[in-house]
Amino acid sequence: MKVRILGAHGLESTETRFMSVLIDGVLALDAGAISCSLSLSQQKRIKAILLTHSHADHTMGLASLSTHAFLAGATVDAYSTKETIDALKRHVFNGVIDPEFTITPSPERPALKFHQIEAYKPQLIVGYTILAFPVHHTVPAVSYQVGSEDGKSLFYSGDTGSGLASHWEHVHPDLLILDCGMSNAWSAQSPKIGHMTPELLKPELIEFRQKKGYLPPIILVHMALVFEDEIKGEVAELAKAGCRD
Ligand SMILES: [Zn+2]
Ligand SMILES: [Zn+2]
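Residues numbered from 1 in each chain as written. Chains lettered and ligands numbered in written order. Predicted model: local features only at pLDDT ≥ 70, side-chain atom pairs only at ≥ 80, totals over all residues.

I keep staring at the overall build of the chain and nothing clicks. Help me out?
Regarding its fold elements, the chain presents seven helices and twelve strands. By principal-axis analysis of the C-alpha atoms, the chain measures approximately 55 × 40 × 30 Å. A separation threshold of at least 6 residues defines the contact pool for the chain, and within that pool the share at least 24 residues apart is 55%. (Helix = DSSP H or I, 4+ residues; strand = E, 2+ residues; numbered from the N terminus. Contact = placed C-beta atoms within 7 Å.)

In structure tokens form, the structure reads like this:
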């Protein structure tokens, strides 16, 4: 399994891109940076996109990809929960913000096709075993475990507040890609903003190690640019506290 982080932020700048992770060049987790960081031929190689939730920093690239698909007579296949699909159809691909690509050029062969997934139900998508878990965010959202044929798997949290530990018994990832969007000063507001902080991650990671007997490599993403130095300092403390060898 070859993992490429296309974008790791919730804020765009010349140095940062919206959230997207690309697996083996064919499966994308979130679509924030999927168009701006890939050539057209790389975009065409993508067979499926798994969306964690409807926020623009995770879905932004869908419009451009769908436009290319429309012009080429192709279809973009995107997967998510009913809530996220409904939100994107109603608020984005509605003919006002973006074209109604889910019924254009025809409902039978649209430029953008949404496929519904259900939490806790393993599903085989373009050769990968996918398992989704509901997480706490400001809109309905899920995390994904993605397993490939070579036996490797990763867990991607998407945007989430506390509560990941309840899913640990169901997963066995070789890599964790986790939200660490805010600094510890924001921990008390986490239930409202739906993002993690280093000190909130600590008990989740300790529980992972206790339940699973190991702790895989961890990539922390979605760090708010204005607090990045602060968050990095707090993450260093977290690593020292044994949450990562
Ligand atoms: Zn986000
Ligand atoms: Zn979000």
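On we go.
How should the nonpolar core be read in this particular structure?
Nonpolar side chains in soluble globular proteins tend to be buried together. Formed by 64 residues in total, the largest nonpolar core has its most connected members in Ile49 and Tyr144. Per-element accounting of this core gives the leading share, six residues, to strand 8 (residues 128–135). Apart from the residues lying within four places of it in its own chain, the contact partners of Tyr144 are Leu29, Leu50, Thr52, Ile130, Leu131, Ala132 and Tyr156. (Core = buried A, V, L, I, M, F, W, Y, C linked by C-beta atoms within 7 Å. Buried ≥ 20, exposed ≤ 12 C-beta atoms within 10 Å, placed from the backbone.)

Looking at this model, I keep getting lost on the sheet that holds strand 7 (residues 123–125). Mind explaining?
Pairing between sheet strands relies on hydrogen bonds along the backbone, with the strands arranged either parallel or antiparallel. Pairing is mixed in the open sheet, where six strands are placed in the order 7-8-9-10-11-12. One side of each edge strand has no neighbouring strand; the edge strands of this open sheet are strand 7 and strand 12 (218–221). Adjacent strand axes in the sheet meet at a mean angle of 25° when their direction is disregarded. (Pairing = 2+ DSSP bridges. Axes fitted to C-alpha atoms, helices over the stretch in contact; angles between N-to-C directions.)

Looking at this structure, I do not really get the sheet that holds strand 2 (residues 20–23). What am I missing?
Taking strand neighbours across the sheet as the criterion, the six strands line up as 1-2-3-4-5-6 in an open arrangement whose pairing is mixed. At either margin of the open sheet sits one strand with a lone partner, and together these are strand 1 (3–7) and strand 6 (112–116). Sheet twist, expressed as the average angle between the axes of neighbouring strands with direction ignored, equals 25°. Bridging between strand 5 (residues 76–80) and strand 6 involves five bridges; their strand directions are parallel.

Would you explain the packing of helix 6 (residues 198–212) against helix 7 (residues 228–243) in this entry?
Each pair of packed helices can be described by the angle between their axes along with the distance between the axes. Orientation of helix 6 relative to helix 7, taken along the N-to-C sense of each, is 25°, at an axis distance of 10 Å. Classified by the angle their axes make, helix 6 and helix 7 are roughly parallel. Crossing geometry of helix 6 relative to helix 7 is assigned as right-handed. Listed contacts from helix 7 to Pro198, Leu201, Lys202, Leu205 and Ile206 of helix 6 are Ile231, Glu234, Val235, Leu238, Ala241 and Cys243. For the contact of helix 6 with helix 7, the class distribution of residues is nine nonpolar, no polar and two charged. (Parallel < 35°, antiparallel > 145°, perpendicular 65-115°, else oblique. Left-handed = near helix turned anticlockwise from the far one by under 90°. Nonpolar A, V, L, I, M, F, W, Y, C, P; charged D, E, K, R; others polar.)

Honestly, helix 4 (residues 82–91) in this entry has me stumped. Any pointers?
Residues spaced three or four apart along an α-helix point in a common direction, a consequence of the helix completing one turn every 3.6 residues. Every buried residue belonging to helix 4 is among Thr84, Ile85 and Leu88, and all of these are buried. Here the buried residues of helix 4 occupy an arc of 100° about the axis, which is enough to place them on one side. Exposed and oriented more than 90 degrees from the buried face of helix 4 are Lys82 and Arg90. Packing partners of the buried residues in helix 4 comprise helix 2 (56–59), strand 5 and strand 6. (Arc of directions from axis to C-beta.)

Quick question: what am I supposed to make of the pairing of strand 5 here?
Most of strand 5 is tucked away, with four of its five residues classed as buried. With two bridges connecting them, strand 4 (residues 48–50) and strand 5 associate as parallel partners. Note that in strand 5 the partner of Ile49 across the bridge is Ala78. Following the chain from strand 5 across helix 4 to the adjacent parallel strand 6, one finds a crossover that is right-handed. (Right-handed = clockwise from strand over helix to strand, strands pointing away.)

Sorry if this is basic, but what is going on with helix 7 here?
For helix 7, which comprises 16 residues, the first-to-last C-alpha distance of 19 Å sits more than 12% below the rise-based estimate of 22 Å (1.5 Å per residue). Every buried residue of helix 7 is accounted for by Ile231, Glu234, Val235, Leu238 and Cys243. The arc that holds the buried residues of helix 7, viewed along the axis, is 105°, so those residues lie on one side. For helix 7, the exposed residues set more than 90 degrees away from the buried face come down to Asp229, Ala236 and Lys240. On its buried face, helix 7 sits against helix 6 and strand 12. (Expected span 1.5 Å × (residues − 1).)

Sorry if this is basic, but what is going on with the environment of Thr138 here?
With respect to the helices, strands and loops of the structure, Thr138 is situated in the loop between strand 8 and strand 9 (141–147). In this view, Thr138 contacts Ile193 and Gly194; residues no more than four positions away in its chain are not counted.

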